[in-house]
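# Notes for the structure review
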Amino acid sequence: MDTFRQDLFRGKVLFCTGGRSGICYEITQTMMGLGADAAIVGRDAKGLEESANKLSKATGRKCLATPADVRDAKAVQGAVKATIEKFGRIDFVVCGAAGNFLVPISGMSENAFKTVVEIDLLGTYHTVKATLPHLRESKGAYLHIGVTLHYRGTPWQAHVSAAKAGVHALSRVIAVEEGPRGVRSNVIAPGLIGDTGGWDRLSVKDYDPSKGVPLGRIGTKMDIAQAAVFIFSPAAEYITGTEIPVDGGDHHLYRSPLPYPKSVLEPESMKSLVKAKM
Ligand SMILES: NC(=O)c1ccc[n+]([C@@H]2O[C@H](COP(=O)([O-])OP(=O)(O)OC[C@H]3O[C@@H](n4cnc5c(N)ncnc54)[C@H](OP(=O)(O)O)[C@@H]3O)[C@@H](O)[C@H]2O)c1
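Described in the following lines is the structure provided in the data block. From a predicted model like this one, the values you see are computed outputs, not experimental measurements.

The sheet built from 7 strands is open, its strands ordered E3-E2-E1-E4-E5-E6-E7 with parallel pairing. Each edge of the open sheet is held by one strand with a lone partner, namely strand E3 (63-65) and strand E7 (243-246). Direction aside, neighbouring strands of the sheet carry axes that sit 20° apart on average. Relative to strand E4 (residues 92-95), strand E1 (residues 13-17) is paired through 4 bridges, and the arrangement is parallel. Bridged to Leu14 within E4 is Phe92. Strand contacts of helix H4 (residues 110-138): E1, E4 and strand E5 (141-145), with the helix running at about 180° to E4, the strand carrying the most contacts. The strands touched by helix H5 (residues 158-178) within the sheet are E5, strand E6 (184-190) and E7, with E6 carrying the most contacts at an inclination of about 160°.

Given below as structure tokens:
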């Protein structure tokens, strides 16, 4: 990527939850490509180690695998401790670990709702609490990976909409409380992004999601990584407490990929179209 200076993040350290795969892997690789070292967090210790090795090989920077379940405050504190022991600082934090699946609220178990809220929202809280002293020291920045789903009532996404709305709210409060100490906090809200875990779980058979996106295509992981680089760069030093939809304008023209109202009146009839829990 040549939009940004090659050594933009030299000497800086990124702590990224969700960095094993998908969008957050791409953000980590792009930040490392611009000179940052990184620690990535996820539950799959073996997969995490493989991703960390791949990231180091691709960028020539150091990447530490710090396995943790973000639902477990102590585990996240352990990952932060290991990062500080290795690199001595944390400048940037991406809160990106998340879970999602399609399910109408009528079929959503208490456990399903709770699990998504615990990973997305409580996990973000744990990550912020464990990293805040280090971000105060470095006058660093948070980037939360949100969604556009809760801008409207998106069917079959009650759990994620509720959890991520909480993340967006949390980010605004962090911006206001920590701004005077030099810490920034922002949200990027991706639209549907191709070649990701989210894409695999949420795509609907025979539905072309690029139709109706004002910019005429679905998003790429690099679209999100470029926006993340901007948010962490000095070019965004006066930007905090905001959210940037990176969705080609999609949320302005929202429509459900599932036939409406059939999907909510007859959820079982959608079985051939989606991987969903009913
Ligand atoms: N893909 C999209 O179209 C889209 C659209 C809007 C927003 N987003 C947001 O973008 C982010 C990345 O999405 P993606 O589709 O790229 O995801 P993905 O490839 O499925 O990756 C999710 C990551 O989160 C980690 N994770 C899940 N639960 C965890 C837990 N309890 N503790 C620690 N780590 C956990 C996973 O690692 P382990 O399995 O190793 O734990 C995995 O690396 C998410 O915040 C998502 O909500 C995605």
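On to the nonpolar core. Among the nonpolar cores identified, the biggest contains 68 residues, and Ala38, Val94, Ile188 and Ala228 are the most heavily contacted of them. Grouped together as the second largest cluster of nonpolar side chains are 7 residues, Trp156, Leu202, Met270 and Val274 included.

Where helix H1 (residues 22-33) meets helix H7 (residues 221-232), the axes come as close as 8 Å, and the angle between the chain directions of the two elements is 50°. Between H1 and H7, the interaxial angle falls into the category oblique. Like other packed secondary-structure pairs, H1 and H7 cross with a definite hand, here right-handed. Only Lys221, Met222, Ile224, Ala225, Ala228 and Val229 of H7 make contact with H1, whose side of the interface consists of Gly22, Ile23, Glu26, Ile27, Thr30 and Met31. Partitioned by chemical class, the residues of the contact of H1 with H7 number 8 nonpolar, 2 polar and 2 charged.

The residue Ile239 is located in the loop between H7 and E7 in this model. Sequence separation between Ile239 and Ser185 is 54 residues; the distance between their C-alpha atoms is 8.4 Å.

Turning to H5, a few remarks are in order. Between its first and last C-alpha, H5 extends 30 Å over 21 residues, near the 30 Å set by a 1.5 Å rise per residue. Taken residue by residue, H5 has Ala158, His159, Val160, Ser161, Ala163, Lys164, Val167, Ser171, Ile174, Ala175 and Glu178 as its buried positions. Lining the buried residues of H5 we find H4, E5 and E6.

Every one of the 31 residues lining the ligand counts as a neighbour, but Gly22, Gly42, Ala98, Gly197 and Gly198 are closest to it. When residues of the shell around the ligand are traced back to their parent elements, those giving at least two are H1, helix H2 (45-59) and helix H6 (197-202). Partitioned by chemical class, the residues of the shell around the ligand number 14 nonpolar, 12 polar and 5 charged.

Turning to the packing of H4 against H5, a few remarks are in order. Packing of H4 against H5 leaves a shortest axis separation of 8 Å and a crossing angle of 15°. As summarised for this structure, H4 and H5 are arranged roughly parallel, according to the angle between their axes. Of the two elements, H4 crosses H5, and the hand of that crossing is right-handed. Residue-level inspection shows Ala112, Phe113, Val116, Val117, Asp120, Leu121, Thr124, Tyr125 and Val128 of H4 in contact with H5, the latter providing His159, Val160, Ala162, Ala163, Lys164, Gly166, Val167, Leu170 and Ile174. The residue inventory of the contact of H4 with H5, partitioned by class, reads 13 nonpolar, 3 polar and 2 charged.

Rules used in this analysis
Residues numbered from 1 in each chain as written. Predicted model: local features only at pLDDT ≥ 70, side-chain atom pairs only at ≥ 80, totals over all residues. Pairing = 2+ DSSP bridges. Helix = DSSP H or I, 4+ residues; strand = E, 2+ residues; numbered from the N terminus. Axes fitted to C-alpha atoms, helices over the stretch in contact; angles between N-to-C directions. Contact = placed C-beta atoms within 7 Å. Core = buried A, V, L, I, M, F, W, Y, C linked by C-beta atoms within 7 Å. Buried ≥ 20, exposed ≤ 12 C-beta atoms within 10 Å, placed from the backbone. Parallel < 35°, antiparallel > 145°, perpendicular 65-115°, else oblique. Left-handed = near helix turned anticlockwise from the far one by under 90°. Nonpolar A, V, L, I, M, F, W, Y, C, P; charged D, E, K, R; others polar. Expected span 1.5 Å × (residues − 1). Near = placed C-beta within 6 Å.

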